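# Observations on chain architecture
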Amino acid sequence: MTLRLHNFFRSSTSTRLRTALNLKGLDYDYVPYVLRDGETRTPEYLDRNRQGLVPTLEREDGSHLTQSLAIIEWLEETHPEPALLPVDTDGRARVRALAQMLALEVHPLNNLRVLFYLRDEFGADEAAQKKWFTHWVTLTFDALEATLADSPETGRYCHGDQPTLADICLYAQVWNNKRFDIALDRWPTIARIFAELDQLPAFTNAAPPNQPDAA
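In short, a report on the structure. (Residues numbered from 1 in each chain as written. Predicted model: local features only at pLDDT ≥ 70, side-chain atom pairs only at ≥ 80, totals over all residues. Heavy atoms only, no water.)

Moving on: the packing of helix H7 (residues 165-178) against helix H8 (residues 188-197). Contact geometry of H7 with H8 gives a least axis separation of 10 Å together with a crossing angle of 100°. Classified by the angle between their axes, H7 and H8 sit roughly perpendicular to one another. Listed contacts from H8 to Asp 167, Leu 170, Tyr 171, Val 174, Trp 175 and Lys 178 of H7 are Ile 190, Ile 193, Phe 194 and Leu 197. Here the contact of H7 with H8 is composed, by residue class, of eight nonpolar, no polar and two charged. (Axes fitted to C-alpha atoms, helices over the stretch in contact; angles between N-to-C directions. Helix = DSSP H or I, 4+ residues; strand = E, 2+ residues; numbered from the N terminus. Parallel < 35°, antiparallel > 145°, perpendicular 65-115°, else oblique. Contact = heavy atoms within 4.5 Å. Nonpolar A, V, L, I, M, F, W, Y, C, P; charged D, E, K, R; others polar.)

Here we come to the state of the cysteines. A full pass over the atoms with the stated rule returns zero disulfides. Left unpaired, Cys 158 is separated from the closest cysteine sulfur, that of Cys 169, by 9.2 Å. Cys 169 sits in the buried class, given a relative accessible area of 2%. (Disulfide = S-S within 2.5 Å. Buried < 20%, exposed > 50% of the residue type's maximum accessible area, 1.4 Å probe, protein only.)

What follows concerns the pattern of salt bridges. Within the structure shown, the criterion is met by nine salt bridges. For Glu 73, the salt bridge is made with Arg 96, and the minimal N-O distance between the two is 3.1 Å. Taken together, the residues span a long stretch of sequence, with Glu 73 in helix H3 (residues 68-78) and Arg 96 in helix H4 (residues 89-110) at a distance of 23 residues. Given the relative accessible area of 23%, Glu 73 is considered partly exposed. Residue classification places Arg 96 among the partly exposed residues on the basis of a relative accessible area of 27%. (Salt bridge = Lys/Arg side-chain N within 4 Å of Asp/Glu carboxyl O.)

Our focus in this paragraph is the packing of aromatic side chains. In total, this model carries nine aromatic pairs according to the counting rule given. Taken together, a centroid distance of 4.2 Å and an interplanar angle of 20° make the contact between Phe 133 and Phe 180 stacked. Pair noted here: Phe 133 is in helix H6 (residues 126-150) and Phe 180 is in the loop between H7 and H8, with a separation of 47 residues, a long-range link. Measuring from centroid to centroid gives 5.1 Å for Phe 141 and Trp 187, while their planes differ by 70°, and the two rings are edge-to-face. Remark: Trp 187 occurs in the loop between H7 and H8 and Phe 141 occurs in helix H6; sequence separation between them is 46 residues. Residue Phe 141 is classed as buried on the basis of its relative accessible area, which comes to 0%. (Phe/Tyr/Trp six-rings, centres within 6.5 Å; stacked < 30°, edge-to-face > 60°.)

Given below as structure tokens:
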């Protein structure tokens with residue numbers, strides 16, 4: 001049995017993990033779910049992931065790992081090449097900080113269950129949901145743009161000239177932004193880095209429209 005990735009094509013957390021697996025050169029079986037249909041809320045799936053979230057990585061021994069950043073850290077420890085974190089401690093801290101700006105500050109406020117809660121509990125229509133989503137993206141992307149533009153440690157990518165965990169999170173979030181037509185004109189450094197990443201097969205093969213369940 002190879003690794004099995006339980007995921008959803010449009011999920012940014014799933015995009016992160018697909019990218020990491022691709023960068024590490026690891027084969028996996030792709031298992032799709034439709035979040036809007038509640039396919040991750042079934043008893044069978046909840047046995048794999050008690051939160052009913054994606055992604056879940058099923059290992060060869062049948063055990064499961066959850067939470068994309070934790071899984072990527074596990075991949076980094078078990079398959080260290082190519083490295084997704086710098087060797088030096090300051091660089092590792094910077095890459096983790098950049099990644100967490102996206103994964104912990106933007107994504108939790110804008111994921112599907114939050115948008116559904118805004119709709120169902122507060123009557124937020126599509127326009128209101130887009131305003132909410134755009135607000136939180138803009139708040140963090142403004143800070144991220146300034147951080148990247150002002151640092152000599154920013155290279156071809158977020159940190160130097162090799163893709164890191166920060167780039168994985170950035171790429172996934174920009175694709176998520178596309179759902180709400182958020183252009184990158186306001187953030188030229190982010191736009192440049194995304195364009196560089198979008199030339200790499202490990203990233204493009206992980207992008208939402210290139211998945212077998214894309215719709």
